[in-house]
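# Observations on the three-dimensional arrangement
Okay, here's what each chain looks like letter by letter:
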Amino acid sequence: MDYTVVSYAAYLPIATGVTIWVARTLSRNGRIFLADVFSGDERLADAVNHLLVVGFYLINLGFVALWMRNDEAVDTVAGVFNALSYKLGTVLLLLGVMHLGNVYVLNRIRRRGALERQQRPPVAPQGWVAPTRA
């Protein structure tokens with residue numbers, strides 16, 4: 001039995017399934033955050049959410065495919081678990097880093113929008129008063 005093929009057969013569906021689950025979870029729960037980032041513009045939040053999910057899939061599934069290759073032959077059942085733990089751990093770390101990076105960037109956008117909203121006067125100026133000399 002070729003254990004290298006067994007490790008591929010286990011790695012690919014697990015890594016793909018985890019990627020899909022994370023993308024769906026982030027998309028569903030991140031929608032509210034994105035709506036806040038874009039000042040309640042639901043259409044823009046949905047569009048950005050969809051674009052983020054597509055990019056997330058492309059990057060992570062591409063990495064999963066590239067990372068599937070083994071440089072060393074897997075000879076034992078223990079080797080299968082070693083290869084799987086190393087590969088899946090790397091994929092999970094990549095998913096976490098990408099998530100943190102997205103949250104960081106979106107939070108900066110959100111803060112900038114909040115600062116801009118604070119600096120706008122609540123009503124338009126109604127006139128101009130000349131300074132007086134004392």
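Attention in this report is confined to the structure presented alongside it. (Residues numbered from 1 in each chain as written. Predicted model: local features only at pLDDT ≥ 70, side-chain atom pairs only at ≥ 80, totals over all residues. Heavy atoms only, no water.)

## A few points about the overall build of the chain
Helix and strand counts for the chain stand at 3 helices and 0 strands. Reading the helices (α) and strands (β) of the chain from amino to carboxyl end gives α-α-α. Its C-alpha radius of gyration of 24 Å places the chain more than 25% over the 14 Å reference for a compact globule of 134 residues. Taking the principal axes of its C-alpha atoms as reference, the chain extends roughly 95 × 30 × 20 Å. By the burial criterion, 24% of the 134 residues in the chain qualify as buried. When the accessible surface of the chain is summed, it comes to about 9800 Å², and 65% of that surface belongs to carbon and sulfur atoms. Computing the positive centroid from 13 side-chain charges and the negative centroid from 9, the chain places the two 15 Å apart. (Helix = DSSP H or I, 4+ residues; strand = E, 2+ residues; numbered from the N terminus. Rg over C-alpha atoms; globule rule 2.2 N^0.38 Å. Buried < 20%, exposed > 50% of the residue type's maximum accessible area, 1.4 Å probe, protein only. Areas by Shrake-Rupley, 256 points an atom, 1.4 Å probe, with all protein chains shown as cover. Lys, Arg positive; Asp, Glu negative; His and termini not counted. Charge placed at Lys NZ, Arg CZ, Asp CG, Glu CD.)

## Let's talk about the packing of helix H1 (residues 3–37) against helix H2 (residues 42–67)
Interaxial distance between H1 and H2 falls to 9 Å at its minimum, and their mutual angle equals 160 degrees. Accordingly, the angle class assigned to the pair H1 and H2 is roughly antiparallel. The two elements H1 and H2 meet at a crossing, and its hand is right-handed. Taken together, the residues of the contact of H1 with H2 break down into 19 nonpolar, 5 polar and 4 charged. (Axes fitted to C-alpha atoms, helices over the stretch in contact; angles between N-to-C directions. Parallel < 35°, antiparallel > 145°, perpendicular 65-115°, else oblique. Left-handed = near helix turned anticlockwise from the far one by under 90°. Nonpolar A, V, L, I, M, F, W, Y, C, P; charged D, E, K, R; others polar.)

## Here we look at H2
In a regular helix each residue adds 1.5 Å, so 26 residues correspond to 38 Å; H2 covers 37 Å between its end C-alpha atoms and thus fits that length. For H2, every residue scored as buried is listed here: Ala45, Val48, Asn49, Val53, Phe56, Asn60 and Val64. (Expected span 1.5 Å × (residues − 1).)

## Let's talk about the pattern of salt bridges
Overall, the coordinates contain 2 salt bridges when judged by the stated rule. For the salt bridge of Asp46 with Arg31, the shortest nitrogen-to-oxygen distance reads 2.6 Å. Of this pair, Asp46 sits in helix H2 while Arg31 is found in helix H1, placing the two residues 15 residues apart along the sequence. Relative accessible area serves as the criterion here: at 33%, Asp46 is assigned to the partly exposed category. Among the residues examined, Arg31 registers a relative accessible area of 31% and is labelled partly exposed. One network of salt bridges, with partners in common, ties together Arg31, Glu42 and Asp46. (Salt bridge = Lys/Arg side-chain N within 4 Å of Asp/Glu carboxyl O.)

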